[in-house]
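Spelled out, the chains give:
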Amino acid sequence: MQKIAVIGAGTMGNGIAHVFAQNGYAVNLIDVSAAALEKAVQTITKNLDRQLAKESITAAIKNETLQHITTYTDIPSGVKEVQLVVEAATENVTLKLKIFQELDQHAAPDTILATNTSSISITRIAAATKRPGQVIGMHFMNPVPVMKLVEIINGYATEKSVTTAIVALSEKLGKVPCVVNDYPGFIANRILMPMINEAICSLYEGVAGVNEIDTVMKLGMAHPMGPLQLADFIGLDVCLSILQVLHDGFGNPKYAPCPLLVNMVTAGYLGVKSGEGFYKYTAGSKDLVVSQRFL
């Protein structure tokens, strides 16, 4: 593989593009929004500058990385002559199915189609194409340039050769691949999201406050970040979406999203991305301040 297409220029998409480009791959970054593409390149540049300041890369590597990235606003142009597509669009099943139908039409017959979905069925996505054996999950963790894990998810029909190729590619990126099978939430979110949901329920029921819940988990369980802060970082809307996939997929009430989470998302309190969730976020400040709503 020498040329990669990444669909979606948001947080995950620009991070994935960054990692591939820094490792010498030609990257076509695709998004319907030209403004989103411009912002993505700015974000990648800022992150490269941070690496440069830490002396983890050279100025030459920074320039080469940026030169490896080409932006496109349409799928047909962006997926020509690529060996792999990594879809990193919004976690919406209807949108993803539409994207994969279009990818199936315009990508070369031997191109592998991967999705960065954190919970949506790979088998369901693959069924929207005429090449289900070449569809696989490639779930990077945020922030992509920093986090080592890549959760690789086999759909029901994913060919073994495709899995082998994606495992090898992940290792070339300096990542640690973990292969799992396609069931709701896979492994990462099947275990993580019920923990986050239980933390929110504990707050909802008045068992403890925001700071107390996160402190117990950080100091008592050696978590680098408490579950409520982590939920803010992931995005409360994303957490809700994943819990709904788990609840629908298993039909088990233990996965039912906490009413507090539902209300916060409905009201637009989504965490870091909106400026407030369980904590209040101010541009330029690293202080962790509990939202007034929970004091």
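Every chain is numbered on its own, with residues counted from 1 as its sequence reads. Only residues with pLDDT of 70 or above have their local features reported here, since the model is predicted, and side-chain atom pairs are shown and tallied only from 80 upward, although totals for entire chains, interfaces and linings are computed over all residues. Note: side-chain values were computed over all heavy atoms of the structure, leaving out hydrogens and water.

Undergrad: In this structure, what is going on with the UniProt feature "domain: 3-hydroxyacyl-CoA dehydrogenase NAD binding" (unreviewed entry) in the protein? I would like to understand it.
TA: This chain's UniProt record puts "domain: 3-hydroxyacyl-CoA dehydrogenase NAD binding" (unreviewed entry) on residues 3-182. Numbering of helices and strands runs from the N terminus; a helix is a DSSP stretch of H or I covering at least four residues, while a strand is a stretch of E covering at least two. Annotation note: span residues 3-182, helix share 43%, strand share 22%, distance between end C-alpha atoms 27 Å. UniProt positions are given in the numbering used here, feature names are shortened, and annotations may be inferred rather than shown by experiment.

Undergrad: What's the story with the side chain of Asp-104 in this structure? I'm lost.
TA: Mapped onto the fold, Asp-104 is located in helix H5 (residues 93-106). Since its relative accessible area comes to 15%, Asp-104 is described here as buried. In protein, a polar contact requires one atom able to donate a hydrogen and another able to accept it; more generally it is a pair of N or O atoms within 3.5 Å, and residues adjacent in sequence count only if both atoms are side-chain atoms. Engagement of the side chain of Asp-104 in a polar contact is seen with the backbone nitrogen of Lys-130, the distance being 2.6 Å. Throughout, a contact is declared for two residues whenever any of their heavy atoms are within 4.5 Å. The contact partners of Asp-104, leaving out residues within four places of it in the chain, are Leu-113, Thr-129, Lys-130 and Arg-131. Relative accessible area decides the class of each residue, using a 1.4 Å probe on protein chains only: under 20% of the type maximum gives buried, over 50% gives exposed, and in between gives partly exposed.

Undergrad: It is not clear to me how the state of the cysteines should be interpreted in this structure. Could you clarify?
TA: Should the sulfur atoms of two cysteines be covalently bonded, the bond is a disulfide. In what follows, a disulfide is any cysteine sulfur pair within 2.5 Å. Summed over the entire model, instances satisfying the criterion amount to 0 disulfides. For the unlinked cysteine Cys-239, the closest cysteine sulfur is that of Cys-258, found at 12 Å. Considering cysteine sulfurs only, Cys-201 is the nearest to Cys-258, which forms no disulfide, with 3.6 Å between them. A relative accessible area of 1% places Cys-258 in the buried class.

Undergrad: Explain the nonpolar core to me, please; I cannot follow it from the model alone.
TA: Soluble globular proteins tend to pack their nonpolar side chains together in the buried interior. Grouped together as the largest cluster of nonpolar side chains are 34 residues, with contacts concentrated most on Phe-20, Leu-84, Val-86, Met-138, Phe-140 and Ile-166. If we ignore the near neighbours within four places in the chain, the residues touching Leu-84 are Met-1, Lys-3, Ile-4, Ala-5, Phe-20, Thr-111, Ile-112, Ala-114, Met-138, Ile-166 and Leu-169. Judged by nonpolar contacts, the second largest core, of 26 residues, contains Ile-196, Ile-200, Ile-242 and Cys-258. By convention a nonpolar core is built from buried Ala, Val, Leu, Ile, Met, Phe, Trp, Tyr and Cys residues, the set being connected through side-chain atoms within 4.5 Å.

Undergrad: I tried to follow the packing of aromatic side chains on my own but got confused; where do I start?
TA: Two measures describe an aromatic ring pair: the distance that separates the ring centres and the angle between the ring planes. Any pair of Phe, Tyr and Trp rings, taking the six-membered ring for Trp, is counted once the centres come within 6.5 Å. Such a pair is stacked with planes under 30 degrees apart, edge-to-face with planes over 60 apart, and tilted for the rest. By the definition in use, this model includes 4 aromatic pairs. Where Phe-20 meets Phe-140, the ring centres are 6.4 Å apart and the plane angle is 70 degrees; that geometry is what we call edge-to-face. Here the residue Phe-20 occupies a position in helix H1 (residues 11-22), and Phe-140 occupies one in strand S6 (residues 135-140), the gap between them amounting to 120 residues. Taken as a pair, Phe-20 and Phe-140 share a single burial class, namely buried. Here the aromatic rings of Phe-278 and Phe-294 are separated by 5.6 Å at their centres, their planes lie at 35 degrees, and the arrangement is tilted. Highlighted residues: Phe-278 in the loop between helix H12 (259-267) and strand S9 (279-280) and Phe-294 in the segment after strand S10 (289-290), separated in sequence by 16 residues.

Undergrad: How do you make sense of helix H2 (residues 34-53) when you look at a structure like this?
TA: What sets the pattern is the α-helix's 3.6 residues per turn: residues three or four places apart point alike. Relative to the 28 Å expected for 20 residues at 1.5 Å per residue, H2 spans 29 Å between its end C-alpha atoms, a close match to the ideal helical length. Buried residues of H2: Leu-37, Ala-40, Ile-44, Leu-48 and Gln-51, and no others. Mapping the buried residues of H2 onto a view down its axis gives an arc of 70 degrees, with all of them on the same face. Exposed positions of H2 whose direction lies more than 90 degrees from the buried face are Ala-35, Glu-38, Lys-39, Lys-46 and Ala-53. On its buried side, H2 packs onto H1, strand S2 (26-30), helix H3 (59-67) and strand S3 (69-72). After H2 finishes, the residue Glu-55 shows a positive phi value of roughly 60 degrees. By this rule the span expected of a helix is its residue count minus one, scaled by 1.5 Å. Of all possible arcs, the one meant is that of the directions from the helix axis to the C-beta atoms.

Undergrad: What's the story with the pattern of salt bridges in this structure? I'm lost.
TA: Oppositely charged side chains can pair when the atoms bearing their charge come close. One side-chain nitrogen of Lys or Arg within 4 Å of one carboxyl oxygen of Asp or Glu is enough to make a salt bridge. A full pass over the atoms with the stated rule returns 7 salt bridges. In this structure, Asp-49 engages Lys-62 in a salt bridge whose closest nitrogen and oxygen atoms are separated by 2.7 Å. Remark: Lys-62 occurs in helix H3 and Asp-49 occurs in helix H2; sequence separation between them is 13 residues. Of the charged contacts in the structure, one is a salt bridge between Lys-96 and Glu-91, with a shortest N-O distance of 3.7 Å. Each member of the pair Lys-96 and Glu-91 is classed as buried. Through salt bridges with shared partners, one network takes in Glu-87, Glu-91 and Lys-96.

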